[in-house]
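Results of the structural survey
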Amino acid sequence: MKKLFVMIICTIMLLSACQPTPQKQVVVQKDMEQMIEKAVSSPSIQTIPEISPPPDEHKRSALYDKLGIPERYTEDIADASGRFRFTADIEPMIPDADTLPMAWVEAANFEQELVSKLFNALCGDTKMYVYDFRQTKAEIEAQIIEDKERLAKAKTEREKKFWNDVIKNEEKAYKEAPQSIEYKLSNGTLQSEDIQFEETDVLDGKRTSLIAIEHPKKRGGRYFSIANNTEYKNSGGYSYKDEYGNTQVFSQRSESSFSYMRDYDEHPLFANYEGHERDESIKSISITAEEAQRCAEDFLKSIGVEDMAAEKATFMSSYYDDEELERLVRWITEERDAEELAGIISEYGSVEAYFNRGKERQGYEITFLRVLNGVSVVSDLDSTVNVSTDGDITAAPEWYNEKLRFIVDDKGIAAIEWTQPLKVVELISGDAAVLPFGEIQGVIEKMIQVTNADIAADEQLSIDATRLRLSLMRINARDTFTRGLLVPVWTLYGVEYYGSESEAFDGGWPKLIVNAVDGSIIDMHKGY
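Described below are features of the structure shown in this document. All figures in this text were calculated on a predicted structure; none of them were measured in a lab. (Residues numbered from 1 in each chain as written. Predicted model: local features only at pLDDT ≥ 70, side-chain atom pairs only at ≥ 80, totals over all residues. Heavy atoms only, no water.)

1. Points about unusual backbone geometry
Threshold: By the criteria applied, helices consist of DSSP H or I runs no shorter than four residues and strands consist of E runs no shorter than two, each listed in order from the N terminus. Between buried and exposed lies partly exposed: a residue is buried under 20% and exposed over 50% of the maximum accessible area for its type, with that area taken using a 1.4 Å probe on protein chains only.
Its identity is not glycine, yet Asn373 carries a phi of approximately 55°, on the positive side. Within the fold, Asn373 resides in the loop between β15 (362–372) and β16 (375–376). For Asn373, a relative accessible area of 43% puts it in the partly exposed group. Positive phi, normally seen in glycine, also occurs at Gln420, with a value near 40°. Relative to the elements of secondary structure, Gln420 occurs in the loop between β20 (412–419) and β21 (422–429). With relative accessibility at 0%, the residue Gln420 sits in the buried group.

So, in C-alpha cells, the structure goes:
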C-alpha cells in the first residue's frame, strides 16, 4: 500500500511540476506568444561543440550535430541526502529530419470524403445497416427476464436497489417499444444528430455520426462507427454525486473517433480491450510483424492518408501469460466467495479457463503517429484534462490526443481505432529555434530532482532512464480545447525502484517533458 501511495504522489508531482517553485528557484515560462517569438526569431543553429561522427559513418539525423546531441545520453545524479538517484545510459531517439517544425493545429472531424473511402475499403460489397438504438418489445422482454434473475441473486440492498431500478426503466421502455423495426441500408453517409442529456444542458449540441452493422438483429459481422465532435450550444461543465455515491462528470470535449471491427462478436486485440502483449515464442499465426505493418500502411495509402507513419508492431494474444494469469487467479480466489468460485469452475472447468476462455486469437497491433516534416507527434495519454493536485475530478473540457492503431492477423485487418485526428492549419516555422542539448540536459538534471524531492524525502527512490525522445507534442492554447500548438519537446521515460526493492515499476508515463524551445516543463495531463 505504501508503494502505491508513493506512486500516486509521484504522478501528482509530475502533473503539477510545471507550476513555479520559487523556493527552488525554478522559473517556468509558459507564455505561448513569447515561446513562438523565441522559436521563429532565429534558426536553430547555435554555437555547438563539434561532435565526431559515429564510427560506421552511417547516415544520421542532422539534428545530432546541429543541437550537439551525444550518441549516448549518460547521467548519474544523487541528491545531497542520498535518498534519490537518477541514472541514464541510453541512445537518444532522434527523428530523421534536418529541422524541427512548429505549427498551429485544430481538432478535426472525419469528413465525408474520408468516411466514404474508409467505408468502401473496409465494407466493400457487404450489406451494412444503420444501427437502430431502439429495441423491440420481444428484445426488452427477454432482457427483463434476465435482469429479474440477477435481482433474485442479489445479496446486498444496494445490488437489489440497482437491479430494481434497471427493471423499472426496462418496463417503462417496453410500453413505448415497437413490435418490429425496419432496418435501413447504409452507404457510409454521415447523419446529423442532436445531442441532449437529461441531467444538464452543457453538452447539448449537434454532431455528425454513423454506426453501421452487418447484422442488425444479432451480434457478429462487420461494425463501422464514426462519431464527430459536438458543436456545443453552451459552455462549461457539470458534475454531481449520484444516488450510489459515484461522481458523475459531464465535460465538453474534442473526441471525434472512428472504429471498425471485422467481427463485432469478438473484442479487438487492442491492449486496452482483450489483447495482451506476448512473446512471439507462442505465436501460431503465419503473418510476420513486417507483413502486418505493410498491410496497414498499404491500406492508409489506398485511402489517401499519407501523414501518418507506423510507430511499432506489437504481437498480441487474447490469452494472458502465465505470470499475469497466476495473479488474476490469486485475486479472484481472494475476492470471490466459495459459491461464486464453484459456479465459475462448474461452467469453465477451472479458474484459469475462466480468464483464458474461448479459442485463442492472435494478431499484431500496429500503432501510427502523425508526422509533420518528418517529425512524429507523440502523446502518452488518451486526453488532456484539468485534474487538481488533490485528486478531485473537475468538469473541465477534454481534448483527446490523436491515436491510430490497427489489429492485423492472417485474414487481414481485424480492427481499426482512430481517435481525434489533428488538422494542421498553419505552419509557424519549418525550422524552429530550439535549445542546444547541453541546456536541455541541465534542465533534466535540475528538474528530475525537483519533481521527485517530496517522494525521496519519504522513501529511497531511484530512477533509471529507459528512453529520451525528441519529437513534437501538442500544447493546448488557452481557453480552448479545439486549438493547439505542435512544439518540439524532449520526453524522458524511466523505471522506478522504491526502497530496497529490486523490482522495477514502470507506469508507462514520462518522468519529465521538457519544451525544447524554452526549457520549460510541460504538464502532460493539462497539455501545456
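2. Examining the side chain of Asn228
Counted only if it meets this: Under this definition, polar contacts are N or O atom pairs within 3.5 Å; protein pairs additionally need one hydrogen-donor-capable and one acceptor-capable atom, and for neighbouring residues in sequence, both atoms have to be side-chain atoms. Any two residues having at least one pair of non-hydrogen atoms within 4.5 Å are treated as being in contact.
For Asn228, the position within the fold is in the loop between β7 (223–227) and β8 (231–232). For Asn228, a relative accessible area of 4% puts it in the buried group. At 2.7 Å, the side chain of Asn228 forms a polar contact with the backbone nitrogen of Phe110. A polar atom in the side chain of Asn228 sits 2.9 Å from the side chain of Thr208. Excluding its chain neighbours within four sequence positions, the residues that come into contact with Asn228 are Asn109, Phe110, Leu190, Arg207, Thr208 and Ser256.

3. Some words on the packing of aromatic side chains
Spelled out, the test is: Stacked, tilted and edge-to-face are the three classes assigned to paired rings of Phe, Tyr and Trp, where Trp is represented by its six-membered ring and a pair needs centres within 6.5 Å; plane angles under 30 degrees give stacked, over 60 edge-to-face, the rest tilted. Whether a charge lies above a ring is judged from NZ of Lys or CZ of Arg, which has to be within 6 Å of the ring centre and within 35 degrees of the ring normal.
This structure, assessed with the given rule, holds 19 aromatic pairs. Directly above the aromatic system of Tyr174 lies the positively charged group of Lys137, at a separation of 4.6 Å from the ring centroid.

4. Describing a negative patch on the surface
Note the cut-off: Here, patches come from residues exposed beyond 30% relative accessible area and free of salt bridges, joined within 9 Å for like charges and within 5 Å for nonpolar side chains (Val, Leu, Ile, Met, Phe, Trp, Tyr). A 1.4 Å probe and the Shrake-Rupley method give the accessible areas. Residues count as covered only by the protein chains that appear here. Every case where a carboxyl oxygen of Asp or Glu lies within 4 Å of a side-chain nitrogen of Lys or Arg is listed as a salt bridge. The positive count covers Lys and Arg only, the negative count covers Asp and Glu only, and His and the chain ends enter neither. Charge positions come from single atoms, namely NZ of Lys, CZ of Arg, CG of Asp or CD of Glu.
Side chains of Asp279, Glu280, Glu290, Glu291 and Asp410 sit close together on the surface and give a patch of like negative charge. With respect to the helices and strands, the residue Glu291 is situated in helix α7 (residues 289–302).

5. Overview of the layout of surface pockets
Let me state the cut-off plainly: Buried and open spaces are told apart on a 1 Å grid over the protein atoms alone, a cavity being a set of points where a 1.4 Å probe fits but cannot get out and a pocket being an open set with protein on both sides within 12 Å along at least five of seven lines. Residues with an atom within 4 Å of a point are the lining residues. Grid points are joined across faces, edges and corners, and a volume is the space filled by probe spheres set on the points. Lys, Arg, Asp and Glu make up the charged group, whereas Ala, Val, Leu, Ile, Met, Phe, Trp, Tyr, Cys and Pro make up the nonpolar group; the residues left over, Gly among them, are polar.
Considered as a void within the structure, the largest pocket measures approximately 1100 Å³ in volume. Mapped onto the lining of the largest pocket, the elements with two or more residues apiece are β13 (276–277), β14 (308–317), β15, β19 (403–409), β20 and β22 (461–476). Of the residues belonging to the lining of the largest pocket, the class tally is twelve nonpolar, ten polar and 13 charged.

6. Focus on the pattern of salt bridges
Here the idea is simple: oppositely charged side chains can pair when their charged atoms come close. Here the structure, examined in full by the defined rule, presents 27 salt bridges. Note that Arg483 and Glu106 form a salt bridge whose closest N and O atoms lie 3.7 Å from each other. Remark: Glu106 occurs in strand β3 (residues 102–107) and Arg483 occurs in strand β23 (residues 483–498); sequence separation between them is 377 residues. Between Lys160 and Glu157 there is a salt bridge, with the nearest N and O atoms lying 3.8 Å from each other. With a gap of three residues between them, Lys160 and Glu157 both fall in helix α6 (residues 157–176), about one helical turn apart. We classify Glu157 as exposed; its relative accessible area is 61%. Look at the salt bridges and you will find they share partners, linking Arg60, Asp65 and Glu71 into a network.

7. What about the environment of Gly304?
Following the sequence through the fold, Gly304 ends up in the loop between α7 and β14. The sequence separation of Gly304 and Lys117 amounts to 187 residues, and the corresponding C-alpha distance is 8.7 Å.

8. Section: the nonpolar core
Filter applied, for reference: The criterion is simple. A nonpolar core is a set of buried Ala, Val, Leu, Ile, Met, Phe, Trp, Tyr and Cys residues joined through side-chain atoms within 4.5 Å.
Counting residues in hydrophobic clusters, the biggest one holds 65 residues, and the most contacted among them are Ile69, Phe86, Ile444, Leu470 and Trp490. Tallying contributions element by element places β22 first for this core, with eight residues. Excluding residues within four positions of it along the chain, Leu470 makes contact with Leu63, Leu67, Ile69, Met93, Ile94, Pro95, Leu100, Val489, Trp490 and Ala516. In this structure, Phe224, Ala289, Phe315 and Ile416 belong to the second largest nonpolar core, which totals 34 residues.

9. Thoughts on α6
Counting along an α-helix, one turn takes 3.6 residues, and residues three or four places apart therefore face a common direction. Rules: Multiplying one less than the number of residues by 1.5 Å gives the expected span of a helix.
For α6, which comprises 20 residues, the first-to-last C-alpha distance of 29 Å matches the rise-based estimate of 28 Å (1.5 Å per residue) to within 8%. Of the surrounding secondary structure, the elements contacted by the buried residues of α6 are α5 (137–153).

Fair warning: the whole summary comes from geometry, so function is off the table for now.
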